[in-house]
Amino acid sequence: MFEEPFVDYATTRNRALELDAAENNAAYQLMLSGDEYLREGGKLRSILETADETVDLFRLRVEIQHEESSTFQPRIFRTGSAWKYAGKIHEVPYHPDPEAKQVPILGPWIEHVESDLENRLATIWEKHIPLLQAALEENPNDERSLIFLAQSYQALFAGFLPHEQKMYAAEAMALYQRRLEIPTGGDAERAQG
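Residues numbered from 1 in each chain as written. Predicted model: local features only at pLDDT ≥ 70, side-chain atom pairs only at ≥ 80, totals over all residues. Heavy atoms only, no water.

Once that is clear, we can look at the sheet that holds strand β3 (residues 57-64). As summarised here, the arrangement of the 5 strands in space is β1-β4-β3-β7-β2, forming an open sheet in which the pairing is mixed. This sheet does not close on itself; its edge strands, each paired only once, are β1 (28-30) and β2 (36-39). Averaged over all adjacent pairs, the angle separating strand axes in this sheet is 40 degrees, with direction ignored. Of the strand pairs in this sheet, β3 and strand β7 (residues 102-112) are connected by 7 bridges, and their pairing is parallel. Along β7, the bridge assignment pairs Ile-64 with His-112. Contacts between helix α2 (residues 41-49) and the sheet are confined to β1, β2, β3, β4 (69-78) and β7, with β7 contributing the most and set at about 165 degrees to the helix. (Pairing = 2+ DSSP bridges. Helix = DSSP H or I, 4+ residues; strand = E, 2+ residues; numbered from the N terminus. Axes fitted to C-alpha atoms, helices over the stretch in contact; angles between N-to-C directions. Contact = heavy atoms within 4.5 Å.)

In terms of nonpolar packing, the biggest core is built from 18 residues, with Ile-129, Leu-149, Tyr-153 and Leu-175 touching the most fellow members. Going through the elements one at a time, α3 (117-138), α4 (143-156) and α5 (162-180) are the ones with two or more residues in this core. With 6 residues, the single largest contributor to this core is α4. Apart from the residues within four sequence positions on either side, Ile-129 is in contact with Ile-124, Leu-149, Ser-152, Tyr-153 and Leu-156. Counting 12 residues, the second-largest nonpolar core is a separate cluster that includes Tyr-28, Leu-48, Val-55 and Val-62. (Core = buried A, V, L, I, M, F, W, Y, C linked by side-chain atoms within 4.5 Å. Buried < 20%, exposed > 50% of the residue type's maximum accessible area, 1.4 Å probe, protein only.)

The predicted coordinates should not be examined in detail at positions where pLDDT is low. Of all residues in the protein chain, 95% attain a pLDDT of 70 or more, and the chain-wide mean is 89. The secondary-structure element of the protein chain with the lowest mean pLDDT is helix α6 (residues 187-192), recorded at 45, while α2 shows the highest, at 96. Segment residues 188-193 is flagged for pLDDT under 50; beyond a separation of four residues in sequence, or across chains, it makes 10 contacts in the model. (pLDDT = per-residue confidence, 0-100.)

A few words on the packing of aromatic side chains. Overall, the coordinates contain 7 aromatic pairs when judged by the stated rule. Pairing Phe-6 with Tyr-9 gives two aromatic rings, centres 5.0 Å apart and planes at 70 degrees, and the pair type is edge-to-face. Residue Phe-6 is classed as partly exposed on the basis of its relative accessible area, which comes to 35%. Look at Tyr-9 and you get buried, because its relative accessible area is 18%. Joined through ring pairs, the aromatic side chains of Trp-125, Tyr-153, Phe-160 and Tyr-168 make up one cluster. The residue whose ring lies beneath Arg-13 is Tyr-85, and the NZ or CZ to ring-centre distance is 5.5 Å. (Phe/Tyr/Trp six-rings, centres within 6.5 Å; stacked < 30°, edge-to-face > 60°. Lys NZ or Arg CZ within 6 Å of the ring centre and 35° of its normal.)

Okay, the environment of Leu-30 next. Note that Leu-30 resides in strand β1. Along the primary structure Leu-30 and Leu-60 are separated by 30 residues, whereas in three dimensions their C-alpha atoms are 9.9 Å apart. Each residue touching Leu-30, except ones within four places of it in the same chain, is listed here: Leu-38, Leu-60, Arg-75, Ile-76 and Ile-110.

Right, let's get into the packing of α4 against α5. In contact at an axis separation of 9 Å, α4 and α5 are set at 160 degrees when each is read in the N-to-C sense. Judged by the inter-axis angle, α4 sits roughly antiparallel to α5. Handedness of the crossing formed by α4 with α5: left-handed. Judged by residue contacts, Glu-143, Leu-146, Ile-147, Leu-149, Ala-150, Gln-151, Tyr-153 and Gln-154 of α4 engage Tyr-168, Glu-171, Ala-172, Leu-175, Tyr-176, Arg-178 and Arg-179 from α5. (Parallel < 35°, antiparallel > 145°, perpendicular 65-115°, else oblique. Left-handed = near helix turned anticlockwise from the far one by under 90°.)

See below:
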């Protein structure tokens, strides 16, 4: 087991990929977050055993229970591939070759079951918001950080006192307005969609 200081989410995930590649001889690495469970793992193993060897990243369906929604997300990496994460928060995989393949896997899926809402909200306040604010200090026109900071304030809105609700609602609207004033989305923002 490894324990290192938290820097940001991309750094943490990249370090996990690096450590796993150095310590294990597994062909693939599956990236799960807290409160996530792989479903139909045996079927996933069978699919990956016959997977196209030119594909280094696979997408799995992620069902988010509390939102009653699902999306296909890049979660399975071929060990030692050039895929790495970018973004201090709400990190996304990137590859030096923009044409690198990402293939969806049908059948197996990831279930996200939120078990500790209080902890999630504390994490948003204590980690997400400071990281997003720092990203905006570095680049005031970072489209992803503008959107995600506004969304972070919205996620916490119900827990604010009335005067705080008014202040953070205004802040969220100002962030959305700043994003709308940027003429085009950046590559990182488009990669998220």
